[in-house]
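Analysis of the macromolecular model
Below are the chains, spelled out letter by letter.
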Amino acid sequence: MKFSTTAIHTGQEPDERTGAVSVPIFQTSTYANPGIGQSTGYDYSRAINPTRTALEKNYAALEGAEYAFAFASGLSAIDAVLRTLSAGDHVVAASDMYGGTYRLFSKILTRFGVEFTFADMTDAANIERAITQRTKMIYTETPSNPMMLLADLHAIAGIAKAHNLLSVVDNTFASPYLQSPIALGFDASVHSSTKYLGGHSDLIGGAVMTSNAALAEQVKFIQYAVGAVPSPFECWLLLRSARTLAVRMRQHCANAETIADFLSSHKRVVKTYYPGLRSHPQRELAVRQMRGFGAMISFDAGSLDAARKISESVRVITFAESLGGVESLLCHPATMTHGSIPAETRRELGITDGLLRLSVGIEDVEDLVADLDNALRA
Ligand SMILES: *Cc1c(COP(=O)(O)O)cnc(C)c1O
């Protein structure tokens with residue numbers, strides 16, 4: 001089965017008892033046991049819940065993975081994968097990463113003795129150089145946030161295998177529709193399902209997908225033992241969103257290509273960052289490892305003042321954090337998503353005070369272009 005059919009049907013088969021075509025929301029914490037030592041297979045909803053199981057089955061199929069685990073947020077999904085490590089273990093992580101992931105790694109996990117080296121992953125040689133005797137994992141994100149840099153997943157998976165390391169990628173920006181890291185040799189991909197998987201800016205969720213059985217067993221145990229699980233209702237919303245993922249992603253990508261062209265030729269825009277632009281140094285890699293260029297665009301308005309004017313002038317586009325929803329969202333990384341990254345590090349990464357990040361929604365693209373044009377003239 002191809003992507004859309006899988007998204008609509010896998011894990012979402014009609015209910016066996018009633019024929020309901022929408023997976024029931026099993027809003028229950030516990031399950032009646034037939035007697036001592038007997039179980040229906042369901043005991044307690046932190047461990048297992050049928051609505052969550054349906055979602056996990058769907059997500060495994062979308063990602064081309066054997067296993068999927070749903071979490072209460074993207075960060076709790078990332079945390080669960082990192083908790084398979086122990087004190088003294090070392091991780092080579094991407095330097096251009098979601099700010100909250102950087103915060104989790106540098107402020108929380110280091111306190112438990114996990115060590116990190118942050119490397120520019122646009123060049124896989126930097127990863128080789130950062131590997132030590134104690135390295136256990138390579139953790140990357142592509143396309144990256146907010147600079148839209150790509151990491152070569154096939155090359156990185158090769159390095160991880162050669163050094164016997166776990167390879168993990170945050171696949172949130174691409175979504176399973178555009179990129180399949182497991183097919184490219186990665187052990188696991190993580191998602192903030194708050195973004196494209198959810199797609200409507202109405203929930204917080206996360207997921208881990210893997211075909212590595214040993215890793216799956218550990219993540220499942222951590223999901224149960226730590227307990228950062230999503231509610232049955234959240235799982236149901238995500239199942240509903242999965243059914244439209246493909247059509248949404250196609251429209252997101254089409255709109256983004258038009259807007260990237262518009263921004264990159266606008267005289268008030270200093271620079272536009274989008275993997276689909278001819279000016280993007282890694283466009284060829286994007287063509288090779290993605291099935292579209294995504295719908296995240298960053299652009300430099302030149303100054304904090306210019307960025308402020310734009311943020312206050314947009315009417316259709318909403319000035320807000322987050323991404324991946326049907327509505328277009330604009331944010332200012334330096335003060336919002338990447339505020340927790342030291343100013344000097346931000347400058348090194350190119351996150352200037354004039355940089356704005358646009359999550360292109362699926363509104364009519366003419367309205368989005370007119371809104372941006374108007375805001376840029378302000
Ligand atoms: C939002 C986001 C996260 C964190 O996910 P939450 O659902 O907010 O916990 C992680 N990675 C990326 C790339 C994100 O955009």
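Residues numbered from 1 in each chain as written. Predicted model: local features only at pLDDT ≥ 70, side-chain atom pairs only at ≥ 80, totals over all residues. Heavy atoms only, no water.

A look at the overall build of the protein chain
When its secondary structure is counted, the protein chain shows 14 helices and 12 strands. The C-alpha radius of gyration computed for the protein chain amounts to 21 Å, which stays within 12% of the reference 21 Å derived for 378 residues, consistent with globular compactness. Based on the C-alpha atoms only, the size of the protein chain along its principal axes is roughly 75 × 50 × 35 Å. Scored against the burial criterion, the 378 residues of the protein chain give a buried share of 56%. Nonlocal contacts in the protein chain, meaning residues at least 24 apart in sequence, comprise 72% of its contacts between residues at least 6 apart. Accessible surface, the protein chain as shown: approximately 16100 Å² in total, 53% of it carbon and sulfur. Averaging the locations of the 33 positively and 38 negatively charged side chains of the protein chain gives two centres separated by 1 Å. (Helix = DSSP H or I, 4+ residues; strand = E, 2+ residues; numbered from the N terminus. Rg over C-alpha atoms; globule rule 2.2 N^0.38 Å. Buried < 20%, exposed > 50% of the residue type's maximum accessible area, 1.4 Å probe, protein only. Contact = heavy atoms within 4.5 Å. Areas by Shrake-Rupley, 256 points an atom, 1.4 Å probe, with all protein chains shown as cover. Lys, Arg positive; Asp, Glu negative; His and termini not counted. Charge placed at Lys NZ, Arg CZ, Asp CG, Glu CD.)

Focus on the sheet that holds strand E9 (residues 296-300)
Adjacent strands of a sheet form backbone hydrogen bonds with each other and so pair up, either parallel or antiparallel. Strand order in the open sheet made by the five strands is E8-E9-E12-E11-E10, with mixed pairing throughout. On the outer flanks of this sheet lie strand E8 (271-273) and strand E10 (318-319), each paired with one strand and no other. Direction of pairing for E8 relative to E9: antiparallel, over a ladder of three bridges. Bridging from a neighbouring strand, Lys271 pairs with Asp300 of E9. (Pairing = 2+ DSSP bridges.)

Some thoughts on the environment of Val314
Its location among the elements puts Val314 in the loop between helix H12 (304-313) and E10. Judged by relative accessible area, Val314 falls into the buried class, the value being 8%. A sequence separation of 58 residues divides Val314 from Leu372, and the C-alpha atoms of the two residues are 6.7 Å apart. Apart from residues no more than four positions distant in its own chain, Val314 is found in contact with Leu330, Asp371 and Ala375.

Remarks on the site of the ligand
Lining the immediate environment of the ligand, one finds 14 residues, of which Gly74, Asp170, Ser192, Thr194 and Lys195 sit closest. Note that an oxygen atom of the ligand is positioned 2.8 Å from one of the side-chain N or O atoms of Ser192. One can see that the ligand is located within the second largest pocket. No other element matches the three residues that helix H3 (residues 74-82) contributes to the shell around the ligand. (Near = heavy atom within 4 Å. Polar contact = N/O pair within 3.5 Å; in protein donor to acceptor, adjacent residues only side chain to side chain. 1 Å grid on protein atoms, 1.4 Å probe; cavity = no way out; pocket = protein on both sides within 12 Å on 5 of 7 lines; lining within 4 Å. Sits in = over half its atoms within 2 Å of the grid points.)

So, the sheet that holds strand E7 (residues 206-210)
Here seven strands make up an open sheet; going across it, the order is E1-E7-E6-E5-E4-E2-E3 and the pairing mixed. Each end of this open sheet is capped by a strand with a single partner; those strands are strand E1 (67-71) and strand E3 (115-119). Strand-to-strand twist across the sheet, computed as the mean angle between neighbouring axes with direction ignored, equals 20°. In terms of strand pairing, strand E5 (residues 166-170) meets strand E6 (residues 188-192) through three bridges, oriented parallel. (Axes fitted to C-alpha atoms, helices over the stretch in contact; angles between N-to-C directions.)

Re the domain arrangement of the protein chain
Domain annotation of the protein chain identifies domain 1 (3-242) and domain 2 (246-377). Counting from both sides, the interface comprises 41 residues of domain 1 and, opposite them, 41 residues of domain 2. Taking both partners together, domain 1 and domain 2 bury about 3300 Å²; carbon and sulfur atoms supply 58% of that area. Of all residues in domain 1, the largest losses of buried area upon contact with domain 2 belong to Met147, Leu178 and Tyr196, amounting jointly to 23% of the total for that side. Linking domain 1 with domain 2 are one salt bridge, by the criterion used here. Here Arg288 ties to Asp152 by a salt bridge, and the two come within 3.7 Å at their closest N and O atoms. The interface formed by domain 1 and domain 2 contains 17 residue pairs in polar contact (both at pLDDT 80 or more). Contributions of two or more residues to the side of domain 1 that touches domain 2 are made by helix H1 (3-9), helix H4 (99-108), helix H6 (153-162) and helix H7 (175-178). Classifying every residue of the side of domain 1 that touches domain 2 gives 20 nonpolar, 16 polar and five charged. (Domains from an automatic or database assignment. Buried area = accessible area lost by both parts, 1.4 Å probe. Salt bridge = Lys/Arg side-chain N within 4 Å of Asp/Glu carboxyl O. Nonpolar A, V, L, I, M, F, W, Y, C, P; charged D, E, K, R; others polar.)

Details of the packing of H3 against H4
Across the interface, H3 lies against H4 with an axial gap of 11 Å and an inter-helix angle of 40°. Here the hand of the crossing between H3 and H4 comes out right-handed. Here H3 contributes Leu75, Ile78, Asp79 and Leu82 to the contact with H4, which in turn contributes Gly100, Thr101, Leu104 and Phe105. A per-class count over the contact of H3 with H4 returns five nonpolar, two polar and one charged. (Left-handed = near helix turned anticlockwise from the far one by under 90°.)

A few points about the layout of surface pockets
With a probe scaled to a water molecule rolled over the atoms, the places where space remains empty come into view. Of the pockets and cavities examined, the largest pocket occupies roughly 420 Å³. Around the largest pocket, the lining is made up of 14 residues, and of these Asp15, Glu16, Pro24, Phe26 and Pro50 lie nearest the centre. Within the lining of the largest pocket, the residues separate by chemical class into seven nonpolar, two polar and five charged. Along its surface, the second largest pocket is lined by 23 residues, and Leu75, Tyr98, Ser192, Thr194 and Lys195 are the ones closest to its centre. Considering each element in turn, the lining of the second largest pocket owes the most residues, three residues, to H3. (Points joined across faces, edges and corners; volume = space filled by probe spheres on them.)

Observations regarding unusual backbone geometry
A cis geometry characterises the amide bond from Thr142 onward to Pro143, with omega recorded as -5°. Of note, the bond from Asn145 into Pro146 is cis; its omega dihedral lies within 30 degrees of zero at 5°. Along the chain, Pro146 falls in the loop between strand E4 (135-141) and H6. Unlike most non-glycine residues, Ser175 shows phi in positive territory, near 75°. The topology assignment puts Ser175 in helix H7. Of the residues examined, Ser175 reaches a relative accessible area of 1% and is grouped as buried. At Ser201, a residue that is not glycine, the phi angle is positive and equals roughly 50°. Structurally, Ser201 is set in the loop between E6 and E7.

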